[in-house]
Amino acid sequence: MNRFLFVIADFLSRPPGFYLIIVAMIACTAMVPFGLTSVITYALSVAAIVITGVVLIQGYRDTAAIHAKLDEIIVALKETRNNVVGLEHAEPEEIKAHLARLEMEAAAADQEAKHGGVSDA
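Reading the values: the criteria
- Residues numbered from 1 in each chain as written.
- Predicted model: local features only at pLDDT ≥ 70, side-chain atom pairs only at ≥ 80, totals over all residues.
- Heavy atoms only, no water.
- Axes fitted to C-alpha atoms, helices over the stretch in contact; angles between N-to-C directions.
- Helix = DSSP H or I, 4+ residues; strand = E, 2+ residues; numbered from the N terminus.
- Parallel < 35°, antiparallel > 145°, perpendicular 65-115°, else oblique.
- Left-handed = near helix turned anticlockwise from the far one by under 90°.
- Contact = heavy atoms within 4.5 Å.
- Nonpolar A, V, L, I, M, F, W, Y, C, P; charged D, E, K, R; others polar.
- Salt bridge = Lys/Arg side-chain N within 4 Å of Asp/Glu carboxyl O.
- Buried < 20%, exposed > 50% of the residue type's maximum accessible area, 1.4 Å probe, protein only.
- Patch = residues over 30% accessible without salt bridge, like charges linked within 9 Å, V, L, I, M, F, W, Y side chains within 5 Å.
- Areas by Shrake-Rupley, 256 points an atom, 1.4 Å probe, with all protein chains shown as cover.
- Expected span 1.5 Å × (residues − 1).
- pLDDT = per-residue confidence, 0-100.
- Core = buried A, V, L, I, M, F, W, Y, C linked by side-chain atoms within 4.5 Å.

### Describing the packing of helix α2 (residues 15-30) against helix α3 (residues 37-76)
At a minimum axis distance of 10 Å, the contact between α2 and α3 shows a crossing angle of 160°. Taken as axis vectors, α2 and α3 run roughly antiparallel relative to one another. The element α2 and its partner α3 pack so that their crossing is left-handed. Within the contact between the two elements, α2 uses Ile21, Met25 and Cys28 and α3 uses Ile40, Ala43, Leu44 and Ile51. For the contact of α2 with α3, the class distribution of residues is seven nonpolar, no polar and no charged.

Okay, structure coming up:
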């Protein structure tokens, strides 16, 4: 089922899929004078749900790709800590705690660089 959803999302996120949705909406709008308002409402609701799903699936794919690329960079750089690889799977509290530690380390490094730069001058 996942493969099917990814194929549909991929098709609908490209111009031909977008044009198909536009044509379907125009066809639904053309049916209004024939008293098919409930059918049109249903069709447009389904289209809205499908479009939302496409956005969510594409967002998931983009995010997963970004994480994979960042993980590759982290692993490739010898001076980085590999404990951040896979952090996106942790609980939100664990991610916030890790982010707070990184921010404190960055602030300390910044302070050290400022004081080191002043004493060297």
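### Quick word on the environment of leucine 12
As for its placement among the helices and strands, leucine 12 is situated in helix α1 (residues 2-12). For the pair leucine 12 and lysine 69, spaced 57 residues apart in sequence, the C-alpha separation works out to 25 Å. With near-sequence residues (within four places) excluded, leucine 12 lies in contact with Gly17, Phe18, Ile21, Val50 and Val54.

### So, the packing of α1 against α3
At their nearest, the axes of α1 and α3 sit 9 Å apart, and the two run at 100° to each other. Taken together, the axes of α1 and α3 lie roughly perpendicular to each other. Of the residues in α3, those in contact with Leu5, Phe6, Ala9, Asp10 and Leu12 of α1 are Val50, Val54, Ile57, Gln58, Tyr60 and Arg61. The residue inventory of the contact of α1 with α3, partitioned by class, reads eight nonpolar, one polar and two charged.

### Some words on the pattern of salt bridges
Side chains carrying opposite charge are able to pair once their charged atoms draw close together. Evaluated as defined, the whole model comprises one salt bridge. When the shortest N-O distance is used, the salt bridge between lysine 114 and aspartate 110 registers 3.6 Å. With lysine 114 and aspartate 110 both in helix α4 (residues 92-120), this residue pair falls four residues apart, about one helical turn. For aspartate 110, a relative accessible area of 38% corresponds to the partly exposed category.

### Some remarks on a nonpolar patch on the surface
Together, Met31, Phe34, Leu36 and Val39 give the surface a local cluster of nonpolar side chains, amounting to about 380 Å² of exposed area. Among the secondary structure elements, phenylalanine 34 is positioned in the loop between α2 and α3.

### Comments concerning α3
The end-to-end C-alpha distance of α3 is 58 Å, a good match for the 58 Å that 40 residues give at a rise of 1.5 Å each. Those residues of α3 lying buried are Ile40, Ala47, Val54, Ile57, Gln58, Asp71 and Ile74.

### Focus: the confidence of the model for the chain
A residue-level look at the chain finds 95% of positions with pLDDT of 70 or above and a mean pLDDT of 80. Ranking the helices and strands of the chain by mean pLDDT puts α2 first, with 84, and α1 last, with 78.

### Side note on the nonpolar core
If you look at the biggest cluster of nonpolar residues, it comprises five residues: Ala9, Leu12, Ile21, Val54 and Ile57. Once you skip the residues sitting within four places of it in the chain, isoleucine 57 turns out to touch Leu5, Phe6 and Ala9.

### Description of the environment of threonine 63
With respect to the helices, strands and loops of the structure, threonine 63 is situated in helix α3. Along the backbone, threonine 63 and glutamate 88 are 25 residues apart, and their C-alpha atoms lie at a distance of 9.9 Å.

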